[in-house]
Amino acid sequence: MSGDIADFVVVGSGAAGATAALVLAEAGHEVAVVEEGPAVGDRDRGLGSSEAFLRLFRDQGTQVAMGRSVIPILQGRCLGGTTVVNGAIVWRLPEDAYERCFGVAGAREHVPYRALLEKMDRIERDLSIAPAPDRLLGGNGTLMKVGAERLGWAAHAIRRNVVDCRGSGRCLEACPTRRKRSMETTYLPRAASLGARLLPGHEVHQIETSAGAAVAVSGRTSTGAPFRIAARRGVVLAASAIQSPCILARSGIGPREHVGAHFHAHPGTAVSGIYRDPVRIWEGATQSYEVDEFRPQGFKIEVVGLPVELAGVRMPGRGEDFQRAMRDYGHMAVWGVQVRAEAQGTVSPLGRRAHIRYTPTRADMVTFREGVKRLCELHFAAGAVRVYPGVHGGPDALTSPDEIERLDKLPLDPRDWSLIASHLFGTCRMGASDRDGVVGWDGAAHHARRLWVLDASVFPGNLGVNPQHTIMALAMHLAERIA
Ligand SMILES: Cc1cc2nc3c(=O)[nH]c(=O)nc-3n(C[C@H](O)[C@H](O)[C@H](O)COP(=O)(O)OP(=O)(O)OC[C@H]3O[C@@H](n4cnc5c(N)ncnc54)[C@H](O)[C@@H]3O)c2cc1C
Ligand code: SF4
């Protein structure tokens, strides 16, 4: 690579961008990976949620979707993207999820299920993916296992991308001991060893086109200096389901009716249970165990190891009542429900930020109500003495499983719920032509040559399982074709 030019400029260094950069570098191309966020040093790791939000998350963790309610949209913003701050859950794509997301005419042919599974085989080897052993379940995971076994629900230890995990429950703060095999410890250094140039602190504002083809990206560095990097062979956009459509819109690349439309998500909420014996939620893998029983109904239950400052958000009460409730932190298990929501929202640029519009549908809220009921049932089956459903307008606490039926009356207004979303899709979706989507089945933009979008924004539908594995597999499949 010479000067500010490369064969391929990859925008974004998360699950998709890092994978694409590695594949292109392995094929012998000169690659520049342009990342808005900073490089992650050892001094940035394991410093608690507030510091993690400040250093590693987009908008310091304040990004939200506006709609009937305000829903936090969490994303990483650093070299390695959201993989640096995620829970290390790796879901091998089940066939039913493939069918739901990619099972449309065209996608099936160009993104075959078998091809994605082959890529997943490689990723599983590269990232040392294996189920969490019993010693890493911690009190939080062990209780979920006990509850699920008593209820006879399908459940299992979570498969994770870690090596020699110490079970410190801090994956969401960037693993302090670098045990998590996220992109900044795996594919990015490997791509760099093959000559790829990693450029943290470079925020792309625009993709430049000439005669209908992408020729360069331009923007500003974290010190405010303008930069421009030319692309001999093309630009690979992998800035996520929120930022990729914003970059296309700012660059005037359409089709306008699809760029930023069809925004899908898995919003989630959590329910805490208090147990007679200590749970010590801070011990064990951050996310160690999950219940698969209700995927056909559109939701999935997971252990969520939350630090005290975030666990507090799930507790009712104010002042002394709240303080009294928080004394139970050492006896608290926190479990979440992720919903495969049918709602679709929109994403558009608002200055340098994203304007996200999103409101779960009534059917989504009915699924949430069912999910929270099941979480309460699970806590009581595991031996909880008190459970906090966490929905405004419903009971603050339940003390017996006989009370669960009170939750049938939980309000369905999203404003009464504390929701959050971190699995995001669809805003530059694939489609046969520009009448259906932004890119073709090969990830190539319909409205610009030599421009590909490879991240979660291209998913044609909602996935329903934790997405990082599928995002990497799809990026690998498409990048091999580009290479
Ligand atoms: C707290 C949390 C926990 C999660 N846990 C899991 C889990 O356990 N398992 C799982 O499967 N999924 C999990 N996810 C989701 C998963 O990590 C993401 O779906 C995945 O990383 C998305 O991949 P991506 O490549 O599309 O985007 P990202 O990984 O978000 O990468 C996009 C990158 O592009 C950069 N970028 C954006 N705009 C620009 C610009 N203008 N110029 C330059 N660079 C730019 C961003 O800074 C970012 O680094 C979690 C997410 C969160 C927030
Ligand atoms: S649970 Fe394991 S992977 Fe996660 S932060 Fe702790 S040591 Fe790292």
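Bear in mind that the values here come from a model prediction, so they are computed numbers and not experimental data.

Within the chain, the regular secondary structure consists of twelve helices and 20 strands. Computed over C-alpha atoms, the radius of gyration of the chain comes to 22 Å, within 12% of the 23 Å expected from 2.2 N^0.38 for 483 residues, which places it in the range of a compact globule. With respect to the principal axes defined by its C-alpha atoms, the chain has extents near 70 × 45 × 45 Å. A total of 483 residues make up the chain; the buried ones form 55% of that total. A fraction of 75% describes how many contacts in the chain between residues 6 or more apart in sequence connect residues 24 or more apart.

Close to ligand 1 lie 42 residues; G12, G14, G81, N86 and G87 are nearest. Among the secondary structure elements, those contributing two or more residues to the shell around ligand 1 are α1 (15-26), β9 (202-210), α8 (240-250), β19 (420-425) and α12 (468-482). Ranked by the residues each element gives to the shell around ligand 1, the list is headed by α8, at four residues. The residue inventory of the shell around ligand 1, partitioned by class, reads 18 nonpolar, 19 polar and five charged.

This part covers the pairing of strand β14 (residues 299-303). Most of β14 is tucked away: five of the five residues are buried. Alternating positions in β14 separate into two faces, F299, I301 and V303 on one and K300 and E302 on the other, with burial throughout. Across two bridges, the pairing between strand β13 (residues 289-291) and β14 is antiparallel. If you follow E290 over to β14, its bridge partner there is E302.

Structurally, the position occupied by Q297 is in the loop between β13 and β14. As a C-alpha pair, Q297 and E370 span 73 residues in sequence and 9.4 Å in three-dimensional space. In contact with Q297, other than residues within four places in its own chain, are T367 and E370.

Moving on, we come to unusual backbone geometry. The linkage connecting G254 with the following residue, P255, adopts the cis geometry, with an omega of 5°. Relative to the helices and strands, P255 resides in the loop between α8 and β12 (264-274). A positive phi angle is found at D164, which is not glycine, with a value near 55°. Its place among the elements puts D164 in the loop between β7 (159-161) and α7 (187-193). Its identity as a non-glycine residue notwithstanding, A174 has a phi of 70°, on the positive side. If you trace the backbone, A174 turns up in the loop between β7 and α7. Here A174 falls in the buried class, since 29 other C-beta atoms lie within 10 Å of it.

Our next topic: the domain arrangement of the chain. Under the domain assignment used here, the chain contains domain 1 (5-128 + 173-262 + 424-482) and domain 2 (134-162 + 265-343 + 361-418). Taken together, the contacts link 18 residues of domain 1 with 16 residues of domain 2. Grouping the constituent residues of the side of domain 1 that touches domain 2 by class yields six nonpolar, eight polar and four charged.

Taken together, four strands build an open sheet; the order of strands is β4-β3-β17-β16 and the sheet is mixed. Two strands in the sheet have a free side with no partner beyond their single neighbour: β4 (70-72) and β16 (346-350). Each strand of the sheet is rotated relative to its neighbour by a mean of 35°, with strand direction disregarded.

For the rest of this paragraph, the subject is the site of ligand 2. By nearness alone, 15 residues border ligand 2, and C165, R166, S168, C171 and C175 come closest of all. Class assignment of the residues belonging to the shell around ligand 2 gives a composition of six nonpolar, five polar and four charged. In this structure, the shell around ligand 2 is formed jointly by two domains, domain 1 (5-128 + 173-262 + 424-482) and domain 2 (134-162 + 265-343 + 361-418), each of which donates at least three residues.

Once that is clear, we can look at α8. Of all eleven residues in α8, nine are buried, a share of seventy percent or more. Along α8, the residues classified as buried are S240, A241, I242, Q243, S244, P245, C246, I247 and L248. Backbone geometry just downstream of α8 places G252 in the positive-phi region, at approximately 70°.

Here is what the cut-offs are and how they apply
Residues numbered from 1 in each chain as written. Chains lettered and ligands numbered in written order. Predicted model: local features only at pLDDT ≥ 70, side-chain atom pairs only at ≥ 80, totals over all residues. Helix = DSSP H or I, 4+ residues; strand = E, 2+ residues; numbered from the N terminus. Rg over C-alpha atoms; globule rule 2.2 N^0.38 Å. Buried ≥ 20, exposed ≤ 12 C-beta atoms within 10 Å, placed from the backbone. Contact = placed C-beta atoms within 7 Å. Near = placed C-beta within 6 Å. Nonpolar A, V, L, I, M, F, W, Y, C, P; charged D, E, K, R; others polar. Pairing = 2+ DSSP bridges. Domains from an automatic or database assignment. Axes fitted to C-alpha atoms, helices over the stretch in contact; angles between N-to-C directions.

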